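Close look at the chain arrangement
So the chains spell out like this:
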Amino acid sequence: MLAVSRYARTKSKAAALARDYAARGWAVVPGVSAPVAGDRACSCDRMGCPDPGAHPVSTGWARLASTDAEVIAAWWARTPEAGVILPTGRTFDVIDVPAAHGVLRLAMLLRAGVDVGPVAAVGDDRYLFFVATRGAPEDEDEWWSCHLDCSPESIADNPGMRWHCRDSYVVAPPSVLPGGREVTWVRPPDGSPLPDPLRILEILAD
């Protein structure tokens with residue numbers, strides 16, 4: 001009963017938070033949901049889904065992602081149980097680390113007086129540090145990659161630190177994952193400029 005009531009509360013918040021993200025200039029797209037009953041971990045049709053409850057509904061998510069309030073309202077009116085997915089590499093990147101490491105390093109960043117941007121927790125599993133994006137310049141020679149770059153297809157292969165940039169995404173609050181695990185803000189966005197990714201990475205990777 002607790003999981004069901006939590007799920008109902010989350011459904012009522014998802015549309016409002018999706019609109020809030022869009023108002024900040026963060027494109028959003030509907031995600032799958034984690035069923036509260038039955039033996040399936042994800043609402044998608046994929047057998048053995050590798051990332052249940054934490055991926056977009058459509059494989060065309062990159063093209064569909066929007067900041068249009070009317071489009072977003074229509075999406076969540078049709079599927080109020082949908083999770084919220086934020087594409088990265090547009091207005092922000094995300095450095096994604098195991099939660100235990102994230103807790104320790106966040107405290108270290110704050111003690112050091114480093115400007116820390118929004119931070120989200122994906123249940124007890126991961127911490128997501130939102131940072132300024134490297135973007136996607138028209139000239140490919142101006143864009144640098146690193147071994148931490150993470151695409152949706154490579155998440156399972158990167159259990160440690162991940163860098164979500166272009167062509168990737170993260171699941172955002174108030175999404176609910178299998179087992180009733182919630183995606184929540186540890187430090188919600190407040191409109192401040194996002195921090196330098198390399199400064200955050202320096203401490204996260206130390």
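Check the entry above for the structure.
This one's a predicted model, so the numbers in the text were calculated from it and none came from an experiment.

Definitions and cut-offs
- Residues numbered from 1 in each chain as written.
- Predicted model: local features only at pLDDT ≥ 70, side-chain atom pairs only at ≥ 80, totals over all residues.
- Heavy atoms only, no water.
- Salt bridge = Lys/Arg side-chain N within 4 Å of Asp/Glu carboxyl O.
- Helix = DSSP H or I, 4+ residues; strand = E, 2+ residues; numbered from the N terminus.
- Buried < 20%, exposed > 50% of the residue type's maximum accessible area, 1.4 Å probe, protein only.
- Pairing = 2+ DSSP bridges.
- Contact = heavy atoms within 4.5 Å.
- Axes fitted to C-alpha atoms, helices over the stretch in contact; angles between N-to-C directions.

**Thoughts on the pattern of salt bridges**
Throughout the structure, instances matching the rule amount to six salt bridges. The partner of Asp93 in a salt bridge is Arg134, and the shortest N-O contact between them spans 3.8 Å. Linking Asp93 in strand β3 (residues 93–98) with Arg134 in the loop between β5 (126–131) and β6 (162–164), this pair joins segments that are 41 residues apart in sequence. Residue classification places Asp93 among the buried residues on the basis of a relative accessible area of 0%. Owing to a relative accessible area of 15%, Arg134 belongs among the buried residues under this scheme.

**A closer look at unusual backbone geometry**
Cis geometry is adopted by the peptide bond preceding Pro174, which originates at Pro173 and carries an omega value of 5°. Take Pro174: it is sitting in the loop between β7 (169–172) and β8 (176–177). In this model, Asp167 sits at a positive phi of 65°, which is unusual for a non-glycine residue. Relative to the elements of secondary structure, Asp167 occurs in the loop between β6 and β7.

**Some words on the sheet that holds β8**
Strand order in the open sheet formed by six strands is β6-β3-β5-β4-β9-β8, with antiparallel pairing between adjacent strands. At either end of the open sheet lies a strand with only one pairing partner, and these are β6 and β8. Of the pairings in the sheet, the one linking β3 to β6 comprises three bridges and is antiparallel in character. Each residue of the ladder has a partner; that of Asp96, found in β6, is Arg162. Seen against the sheet, helix α4 (residues 99–111) touches β3, β4 (119–122), β5 and β9 (181–187) and runs at an angle of roughly 40° to β5. On top of the sheet, helix α5 (residues 197–204) reaches β3, β5 and β6; it is set at about 5° to β3, its chief contact.

**Description of the sheet that holds β7**
Strand pairing within a sheet occurs via backbone hydrogen bonds; the two strands may be parallel or antiparallel. Strand order across the open sheet formed by three strands is β1-β2-β7, with antiparallel pairing between neighbours. The sheet is open, and its two edges are formed by β1 (29–31) and β7, each paired on a single side. With direction set aside, neighbouring strand axes in the sheet form an average angle of 40°. In the packing of helix α3 (residues 69–78) onto the sheet, the strands contacted are β1 and β2 (83–87), and the crossing angle to β1 comes to about 20°.

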